[in-house]
Amino acid sequence: MRFSGRAFVTGNIECLTALHVGGASTGIDIGGVDNIVVRNPANNQPYIPGSSLRGKLRSLLERAHNLPLTQSIGPQVHIHRCTNGDAYESCPVCVIFGVTSDESFAKPTRLIVRDVALEAQSVEKLSKLKTTELPFTEVKWEVAIDRVTSAANPRQQERVPAGAVFGPFELVFSFYDEKPENDSRRFGYLVEAMQLLEDDYLGGGGSRGSGRIAFRDLKLQVRTVADYRQRKPRQDTDIEIRTLADLGSDTTLGELAKLMSANAGGQ
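Here's a quick rundown of the structure. Owing to the predicted nature of the structure, the values given are computational and were not obtained by experimental measurement. Each chain carries its own residue numbering, running from 1 in the written order of its sequence. In view of the model being predicted, local features appear only for residues whose pLDDT reaches at least 70, and side-chain atom pairs are presented and counted only at 80 or more, with totals across whole chains, interfaces and linings using the full set of residues. Calculation of side-chain values draws on the structure's entire complement of heavy atoms; hydrogens and water are dropped beforehand.

### Notes on helix α1 (residues 50-64)
Logical step 1: Each helix is a run of H or I in the DSSP string that is no shorter than four residues. Each strand is a run of E no shorter than two, and both are numbered from the N terminus. By definition here, a helix of n residues has an expected span of 1.5 Å times n minus one. Its 15 residues place the ends of α1 21 Å apart at the C-alpha level, agreeing with the 21 Å of an ideal helix rising 1.5 Å per residue.
Logical step 2: Buried within α1 are the following residues: Gly-50, Leu-53, Lys-56, Leu-57, Arg-58, Leu-60, Leu-61 and Glu-62. With a 1.4 Å probe rolled over the protein chains alone, any residue whose accessible area is under 20% of its type maximum counts as buried; one over 50% counts as exposed, and the rest are partly exposed.

### A closer look at helix α5 (residues 180-198)
Logical step 1: With 19 residues, α5 extends 28 Å from end C-alpha to end C-alpha; this agrees with the ideal 27 Å at 1.5 Å per step.
Logical step 2: Where α5 is concerned, the buried positions are Pro-180, Asp-183, Ser-184, Arg-186, Phe-187, Gly-188, Tyr-189, Leu-190, Val-191, Ala-193, Met-194 and Leu-197.

### Description of the packing of α5 against helix α8 (residues 250-262)
Logical step 1: As a packed pair, α5 and α8 sit with axes 8 Å apart at the nearest point and diverge in direction by 145°. As α5 packs across α8, the resulting crossing turns out to be right-handed. Between α5 and α8, the residues in contact are Pro-180, Glu-181, Ser-184, Phe-187 and Gly-188 and Leu-253, Gly-254, Leu-256, Ala-257, Met-260 and Ser-261, respectively. Interaxial angles span 0 to 180 degrees and are taken between N-to-C directions of axes, which are lines fitted to C-alpha atoms, for helices over the stretch in contact. With the far helix as reference, a near helix turned anticlockwise by less than a right angle produces a left-handed crossing, and one turned clockwise produces a right-handed crossing. Any two residues whose heavy atoms approach within 4.5 Å at even a single point are treated as in contact.

### Describing the environment of Met-194
Logical step 1: Structurally, the position occupied by Met-194 is in helix α5.
Logical step 2: Taking the relative accessible area as the measure of exposure, Met-194 reaches 0% and is therefore buried.
Logical step 3: Setting aside anything within four residues of it in sequence, one finds Met-194 in contact with Val-9, Leu-57, Phe-169, Leu-171, Phe-215, Leu-244 and Leu-247.

### Section: the packing of aromatic side chains
Logical step 1: Note on ring pairs: Phe, Tyr and Trp rings are taken, using the six-membered ring of Trp, and paired if centres are within 6.5 Å. Classes follow the plane angle, with under 30 degrees stacked, over 60 edge-to-face and the rest tilted. Scanning the entire structure with this criterion turns up 6 aromatic pairs.
Logical step 2: Relative to Phe-215, the ring of Phe-169 lies with its centre 5.4 Å away and its plane at 70°, an arrangement referred to as edge-to-face. You can see Phe-169 sitting in strand β9 (residues 165-175) and its partner Phe-215 sitting in strand β10 (residues 213-224), a full 46 residues away along the chain.
Logical step 3: Classification of Phe-169 as buried rests on a relative accessible area of 0%.
Logical step 4: The class of Phe-215 is buried, set by a relative accessible area of 7%.
Logical step 5: Within the aromatic cluster, the residues linked to one another by ring pairs are Phe-3, Tyr-176 and Tyr-228.
Logical step 6: Note on geometry: a ring has a charge over it if NZ (lysine) or CZ (arginine) is within 6 Å of the ring centre and within 35 degrees of the ring normal. One Lys or Arg, Lys-56, reaches over the ring of Tyr-201 and ends 4.0 Å from the middle of that ring.
Logical step 7: The cationic tip of Arg-234 hangs over the ring face of Phe-8; the distance from NZ or CZ to the ring centre is 3.7 Å.

Right, here's the structure in full:
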């Protein structure tokens, strides 16, 4: 393996519908809501955990490529994990998102996903909400109906309102393959997962209307191993991107491979 550099995808996540990423009910007391959102304990603001975003991207990519669910991670919960080196090298998921370190063929995970805080303008806007007593959020009432007796079972779900923006998000993709074009191809799978997510949902309650998001204001930056050795900041690439289609285009992937190849090993 040879480290060539990193590609940084940044931008904002806009909530096209209200968003519920669940938090622990034993956390901050916010009035007895049944299903609360996860919050930063330092400022009580909702945020999107990197683990939630990363897990959803991985899950959607597994489904899209019809990968076998080979690892149990809990009662009736299974995910895909390659079980041998040959499958691992060609897998669109495991090389990017990683496998457990006890596997002899395991290599460094390509993808890092940061937590995403509320964008400043959304903090200001949501802090002025008068619809509930909860800071920055709304409460949605849902009712489950017994199919036999017609008895109602009401429940509350806390959500970040539609129109809120989280950002900037940051996805960090490391190039380790001796042939950078291989990792450039894998970067394309990450973009595919982002496209899948825009047409799916993030968090809970997606089948009932919550969690539709869009990636906005995308930007791609690169820092090669040569830049690190010369202590240079991230370098804006010459690749102009505005949409996910631009980010995953053959032109962008080719430019990434070219940049990494030219700077492989710090030469």
